[in-house]
Amino acid sequence: AETQARVRASLRRRYRAERRFRAYGVLATLAGVAFVVLLFGSIFARGYSVFTQHYVSLEVFYDPEVIDPAGARDAEQLRTADYQALVKAALRARFPAVEGRRELRELAGLVSPGAAFELQKSVLADPALIGTRATVSMMLGDDVDWLLKGHASRSAPAEERRISDAQLGWLEALEHDGRVTGRFNRVFFSSGDSRDPELAGVWGAMMGSLLTLMVTLLLSFPIGVAAAIYLEEFAPRNPLTDLIEVNINNLAAVPSIVFGLLGLSVFIGFFGMPRSAPLVGGLVLTLLTLPTIIIASRAALKAVPPSIREAALGMGASRLQMVGHHVLPLAMPGMLTGAIIGMARALGESAPLLMIGMVAFIVDIPRSFTSPATVLPVQAFLWSDSSERAFVERTSGAIIVLLAFLVVMNAAAVIMRNRFERRW
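Anyway, here's the lowdown on the structure attached to this text. (Residues numbered from 1 in each chain as written. Predicted model: local features only at pLDDT ≥ 70, side-chain atom pairs only at ≥ 80, totals over all residues. Heavy atoms only, no water.)

Some words on the overall build of the protein chain
1) Next: What the protein chain contains, in helices and strands, is 17 helices and three strands.
2) Next: Here the protein chain has a C-alpha radius of gyration of 30 Å; the compact-globule value for 424 residues is 22 Å, and the former is much larger.
3) Next: Along the first, second and third principal axes, the C-alpha atoms of the protein chain reach 95 × 70 × 40 Å.
4) Next: Buried residues in the protein chain amount to 41% of all 424 residues.
5) Next: Considering only intrachain contacts with a sequence separation of at least 6, the fraction spanning at least 24 residues in the protein chain is 77%.
6) Next: Just so you have it, the protein chain exposes about 22600 Å², and 62% of that area is on carbon and sulfur atoms.
7) Next: In the protein chain, 42 positive and 37 negative side-chain charges are present, and the distance between their average locations comes to 15 Å. (Helix = DSSP H or I, 4+ residues; strand = E, 2+ residues; numbered from the N terminus. Rg over C-alpha atoms; globule rule 2.2 N^0.38 Å. Buried < 20%, exposed > 50% of the residue type's maximum accessible area, 1.4 Å probe, protein only. Contact = heavy atoms within 4.5 Å. Areas by Shrake-Rupley, 256 points an atom, 1.4 Å probe, with all protein chains shown as cover. Lys, Arg positive; Asp, Glu negative; His and termini not counted. Charge placed at Lys NZ, Arg CZ, Asp CG, Glu CD.)

Written out as structure tokens, the structure reads:
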């Protein structure tokens with residue numbers, strides 16, 4: 001009886017310990033999920049408004065005296081005309097009582113500087129507009145858009161607002177006329193960086209990321225797979241290969257900025273490659289992702305049962321034929337999964353790219369592997385350091401786009417693994 005009591009007491013202690021362990025696990029999981037939700041929630045709460053932009057509809061007179069006084073329809077003259085004067089004239093026509101240089105400057109400040117460029121593109125596309133009148137939707141300035149999105153209070157004192165009382169009155173008059181509308185912010189997805197927040201977009205950074213990742217994938221995947229095949233299937237077991245394997249594992253844990261320093265000294269300093277170019281960024285990220293791809297590829301090769309190798313060799317295949325015709329096709333899904341995970345890590349890296357100059361202010365969309373470019377993480381870093389309040393939502397918007405890319409890439413890795421993986 002005494003022994004049974006001790007056993008029951010011991011069981012109760014073990015059961016209590018097991019319940020505590022499960023409770024700790026549940027609490028840890030909930031805490032992790034809560035922090036992730038908090039992080040994503042704060043990003044989306046700050047960045048969802050970037051996907052809309054407010055416009056004002058104004059009647060514009062394409063004055064020939066301003067656009068083409070000579071009447072020659074010369075393309076260079078049409079390109080260099082003062083289209084900002086047309087914007088100011090449209091605003092003055094709507095508010096004829098506004099006088100004085102200061103008030104006229106404040107009135108013109110309602111509309112983004114990009115409105116003049118939109119008028120320029122319209123005239124260059126259709127010179128027949130010269131001399132006509134048309135209702136044109138013009139992008140509002142960043143401070144006005146910030147107010148319309150509810151990020152600033154209209155009832156706040158004038159010194160706490162970025163727009164004056166006069167500008168607020170003109171804006172409310174335009175709203176009363178139904179001239180102010182919100183629409184999808186296509187500029188954010190079709191333009192490069194800009195000093196004006198309402199004109200800044202992520203397309204340049206997206207193209208820079210795409211070109212950089214193309215270079216990384218084209219170099220890291222074949223090199224990483226070839227290295228994994230050699231080390232796993234052909235390399236002799238000796239101290240040299242052991243040293244190589246240890247160094248590959250250690251390189252996977254090296255801080256990424258070290259690879260940036262290596263790229264700065266070797267690719268730019270020694271070989272003289274251009275700074276801030278996707279080619280150099282891809283080479284640096286290749287060095288960064290190679291250890292991950294090699295380790296994942298070796299794990300995929302080890303997962304292939306030895307019986308496959310023995311059967312191929314038993315049928316008279318050479319070692320090269322055995323690897324190329326039997327082992328490699330079976331290990332390829334795992335290799336591709338490792339490559340996608342490596343690419344996802346490369347997409348989110350910014351420190352090594354900062355070292356090679358991809359932190360530059362890039363307005364033009366990169367067209368080649370040697371064009372100046374930046375990438376999405378660096379673009380978010382640049383916007384986060386800007387003093388303009390409207391860049392806050394641009395920063396969060398760029399992070400949302402980056403997260404969408406990462407989610408798609410990781411989902412592709414999971415789908416590929418589940419679809420092609422074979423269980424033995």
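Considerations on the pairing of strand 1 (residues 52-61)
1) Next: With seven of 10 residues buried, strand 1 lies mostly within the body of the structure.
2) Next: For strand 1 and strand 3 (residues 180-184), the ladder comprises five bridges, and the chain directions are antiparallel. When the bridges of strand 3 are listed, Thr52 appears paired with Phe184.
3) Next: Of the pairings in the sheet, the one linking strand 1 to strand 2 (residues 133-139) comprises seven bridges and is antiparallel in character. By the bridge assignment, Phe61 is partnered in strand 2 with Arg133. (Pairing = 2+ DSSP bridges.)

Quick notes on the sheet that holds strand 1
1) Next: Strand order in the open sheet made by the three strands is 2-1-3, with antiparallel pairing throughout. Each edge of the open sheet carries a strand with a single partner, namely strand 2 and strand 3. Strand-to-strand, the axes of this sheet are offset by a mean angle of 40 degrees, without reference to chain direction.
2) Next: Running over the sheet, helix 4 (residues 83-94) touches strand 1 and strand 2 and is turned about 85 degrees from strand 1. (Axes fitted to C-alpha atoms, helices over the stretch in contact; angles between N-to-C directions.)

Considering the environment of Ile341
1) Next: Tracing the chain through its elements places Ile341 in helix 14 (residues 319-347).
2) Next: Its relative accessible area of 42% is what places Ile341 among the partly exposed residues.
3) Next: Between the alpha carbons of Ile341 and Ala413 there is a distance of 7.1 Å; along the sequence they are 72 residues apart.

Observations regarding the environment of Gly338
1) Next: Along the chain, Gly338 falls in helix 14.
2) Next: Judged by its relative accessible area of 5%, Gly338 falls in the buried class.
3) Next: Not counting the four nearest positions on each side in its chain, Gly338 is found in contact with Thr292, Ile293 and Ala296.

Quick notes on the pattern of salt bridges
1) Next: Inspection of the entire model under this criterion finds 19 salt bridges.
2) Next: Arg94 serves as the salt-bridge partner of Asp177, at 2.2 Å between the closest nitrogen and oxygen. Taken together, the residues Asp177 in the loop between helix 8 (165-176) and strand 3 and Arg94 in helix 4 connect sequence positions 83 residues apart.
3) Next: Asp177 sits in the partly exposed class, given a relative accessible area of 39%.
4) Next: Three or more residues joined by partner-sharing salt bridges are found here, namely Asp145, Lys149, Glu393 and Arg394. (Salt bridge = Lys/Arg side-chain N within 4 Å of Asp/Glu carboxyl O.)

Remarks on a nonpolar patch on the surface
1) Next: Side chains of Tyr24, Val26, Leu27 and Leu30 sit close together on the surface and give an oily, nonpolar patch of about 440 Å² of accessible area.
2) Next: Within the secondary structure, Val26 sits in helix 1 (residues 2-47).
3) Next: Classification of Val26 as partly exposed rests on a relative accessible area of 47%. (Patch = residues over 30% accessible without salt bridge, like charges linked within 9 Å, V, L, I, M, F, W, Y side chains within 5 Å.)

Thoughts on the packing of helix 10 (residues 239-251) against helix 12 (residues 278-303)
1) Next: Two numbers describe how helix 10 lies on helix 12: the axes approach to 8 Å, and their chain directions differ by 120 degrees. Of the possible angle classes, the one that applies to helix 10 and helix 12 is oblique. Of the two elements, helix 10 crosses helix 12, and the hand of that crossing is left-handed. Contact residues: helix 10 offers Glu245, Ile248, Asn249 and Leu251, while helix 12 offers Pro291, Ile294, Ile295 and Arg298.
2) Next: For the contact of helix 10 with helix 12, a count of residues per class yields five nonpolar, one polar and two charged. (Parallel < 35°, antiparallel > 145°, perpendicular 65-115°, else oblique. Left-handed = near helix turned anticlockwise from the far one by under 90°. Nonpolar A, V, L, I, M, F, W, Y, C, P; charged D, E, K, R; others polar.)

Some points on unusual backbone geometry
1) Next: The backbone of Arg73 sits at a positive phi, close to 55 degrees, despite the residue not being glycine.
2) Next: Its location among the elements puts Arg73 in the loop between helix 2 (64-67) and helix 3 (75-80).
3) Next: A relative accessible area of 42% means that Arg73 is categorised as partly exposed.
4) Next: A positive phi angle, near 55 degrees, is found at Ser276, a position not held by glycine.
5) Next: Secondary-structure assignment places Ser276 in the loop between helix 11 (256-270) and helix 12.
6) Next: Take Ser276: its relative accessible area is 5%, and that puts it in the buried class.

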